[in-house]
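# Structure assessment
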Amino acid sequence: MAKDAGSISERELHVHLLPELVSPGRLTGGVTVVIDVLRASTTIVQALAAGCCAVRPCAGIEEARKLADGMPAGKVILAGERGGAKVPGFDRGNSPCEFAPTNCKGCTLVLTTSNGTKALLRASEAERVFVAGFVNFSAVCEQLRADPRPLHILCAGSDGEPSLEDTLLAGAFVESLCDHYELQLNDSARLAWDCFENHGHVLQATLELGRGGQTLKRLGFDEDIRLAAEVDKFTIVPELKRDPLRVEIGTVSILKKCWPK
């Protein structure tokens, strides 16, 4: 399916529609992009762009509370959701609308979500880990084009099922990268590519159509869907760092728009 171009090098690209489908050690030595369009990856990008110095992902609610309690007051934001709704007692939920320069600058965000933070933790065995949404698509593409190592796109999914919005973004990355590499794709990457070719031209409507979008609409988070569909709103690439495990801004730049025509 990749395009012919005499000098284009070959590259392995696997899409994983759920973290549970990734066998232990599969990501080691490669580059992994974590996707949870609605909403963790979009919120992480928004929070870092708004001035948070780092995001500390946690799998569980009590783990997040304990971590936040050990940080200086006024310098930590405890945020998270379950079933789309804010965790009781937390400062904020998982809406990108809740994170602005007026309330984020210099703070560490401690975040736990139903799907996205778990996907981030699963990806930590990779050599490099980026966080991507439609909102920073081209910036992430630049990093992926510059690194020839095997690439894994890890979709968070929704409660153990693949999600339409994550699959759509994974397919957009496949489409963009096929101009630069002769790609070796797994079947999930081909499915994601087909999804993008069929639905990429009606982005917001497709995000509203999926289970995740329907849940957010039912909870009154329609604006979150609109924000998640804003392609290239930001130029930052969040990257997972170690010791302690955290997400920080790795690079800031866009040489040119990479969104497929």
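Before reading further, recall that the structure is shown in the block above.
What counts and what doesn't
Residues numbered from 1 in each chain as written. Predicted model: local features only at pLDDT ≥ 70, side-chain atom pairs only at ≥ 80, totals over all residues. Heavy atoms only, no water. Disulfide = S-S within 2.5 Å. Buried < 20%, exposed > 50% of the residue type's maximum accessible area, 1.4 Å probe, protein only. Helix = DSSP H or I, 4+ residues; strand = E, 2+ residues; numbered from the N terminus. Contact = heavy atoms within 4.5 Å. Phe/Tyr/Trp six-rings, centres within 6.5 Å; stacked < 30°, edge-to-face > 60°. Lys NZ or Arg CZ within 6 Å of the ring centre and 35° of its normal. Polar contact = N/O pair within 3.5 Å; in protein donor to acceptor, adjacent residues only side chain to side chain. Salt bridge = Lys/Arg side-chain N within 4 Å of Asp/Glu carboxyl O. Expected span 1.5 Å × (residues − 1). Arc of directions from axis to C-beta. Core = buried A, V, L, I, M, F, W, Y, C linked by side-chain atoms within 4.5 Å. Pairing = 2+ DSSP bridges.

## Concerning the state of the cysteines
Applying the stated criterion across every chain yields a total of zero disulfides. In this structure cysteine 52 is not part of a disulfide, and its nearest cysteine sulfur, from cysteine 104, lies 3.8 Å away. Of the residues examined, cysteine 52 reaches a relative accessible area of 4% and is grouped as buried.

## Describing the side chain of histidine 16
Structurally, the position occupied by histidine 16 is in strand S1 (residues 9–16). Note on histidine 16: relative accessible area 7%, which makes it buried. Residues within four places of histidine 16 in sequence aside, it is in contact with Val22, Arg26, Leu27, His152, Ile153, Leu154 and Cys155.

## Comments concerning the packing of aromatic side chains
Centre-to-centre distance and the angle between the planes together describe a pair of aromatic rings. On inspection of all chains with the given rule, the structure shows four aromatic pairs. A ring pair is formed by phenylalanine 137 and tryptophan 259, whose centres lie 5.1 Å apart and whose planes are at 80°; its orientation type is edge-to-face. Placement of phenylalanine 137 in helix H5 (residues 137–146) and of tryptophan 259 in the segment after strand S11 (246–252) is noted, with a sequence separation of 122 residues between them. By the ring-pair criterion, three or more aromatic residues cluster together here, those being Phe134, Phe137, Phe173, Phe196 and Trp259. When the ring centre of phenylalanine 221 is taken as reference, the NZ or CZ atom of arginine 39 above it lies at 4.6 Å.

## Points about the side chain of arginine 246
Mapped onto the elements of the fold, arginine 246 is located in strand S11. A distance of 2.9 Å separates the side chain of arginine 246 from the backbone oxygen of proline 244, its partner in a polar contact.

## Quick notes on the pattern of salt bridges
Under the defined criterion, the tally for this structure stands at 14 salt bridges. The partner of glutamate 62 in a salt bridge is arginine 65, and the shortest N-O contact between them spans 2.7 Å. Separated by three residues within a single helix, glutamate 62 and arginine 65 lie in helix H2 (residues 61–69), roughly one turn from each other. A relative accessible area of 26% means that arginine 65 is categorised as partly exposed. Several salt bridges share partner residues, and in doing so they unite Arg128, Asp147, Arg149 and Glu239 into one network.

## Quick word on helix H7 (residues 187–199)
With 13 residues, H7 ought to run about 18 Å at 1.5 Å a step, and its terminal C-alpha atoms sit 18 Å apart, in line with that. Among all positions of H7, only Ser188, Ala189, Ala192, Trp193, Cys195 and Phe196 are buried. What you see down the axis of H7 is that its buried residues fit within an arc of 160°, all on one side. Looking at H7, the residues exposed on the side facing more than 90 degrees away from the buried face are Asp187 and Leu191. Residues of H7 that are buried make contact with S1, helix H6 (164–177) and strand S9 (181–185).

## Details of the nonpolar core
Formed by 43 residues in total, the largest nonpolar core has its most connected members in Leu13, Val15, Val33, Leu144, Phe173 and Leu207. Sort the elements by how many residues they give to this core and H6 lands first, with seven residues. Beyond its immediate sequence surroundings of up to four residues, leucine 144 is in contact with Arg11, Val31, Val33, Phe130, Leu151, Phe173, Leu177 and Tyr181. Counting residues in hydrophobic clusters, the runner-up holds 30 residues, among them Ala50, Phe99, Leu240 and Val247.

## Remarks on the pairing of strand S4 (residues 76–82)
The two faces of the sheet receive side chains in turn, since in a regular strand these alternate between them. Burial runs high along S4: six of the seven residues are buried. Direction of pairing for S4 relative to strand S5 (residues 85–86): antiparallel, over a ladder of two bridges. Pairing of arginine 82 across the sheet is with alanine 85, part of S5. In sequence, S4 turns back onto S5 through a hairpin of two residues, with glycine 83 there showing a positive phi of about 65°.

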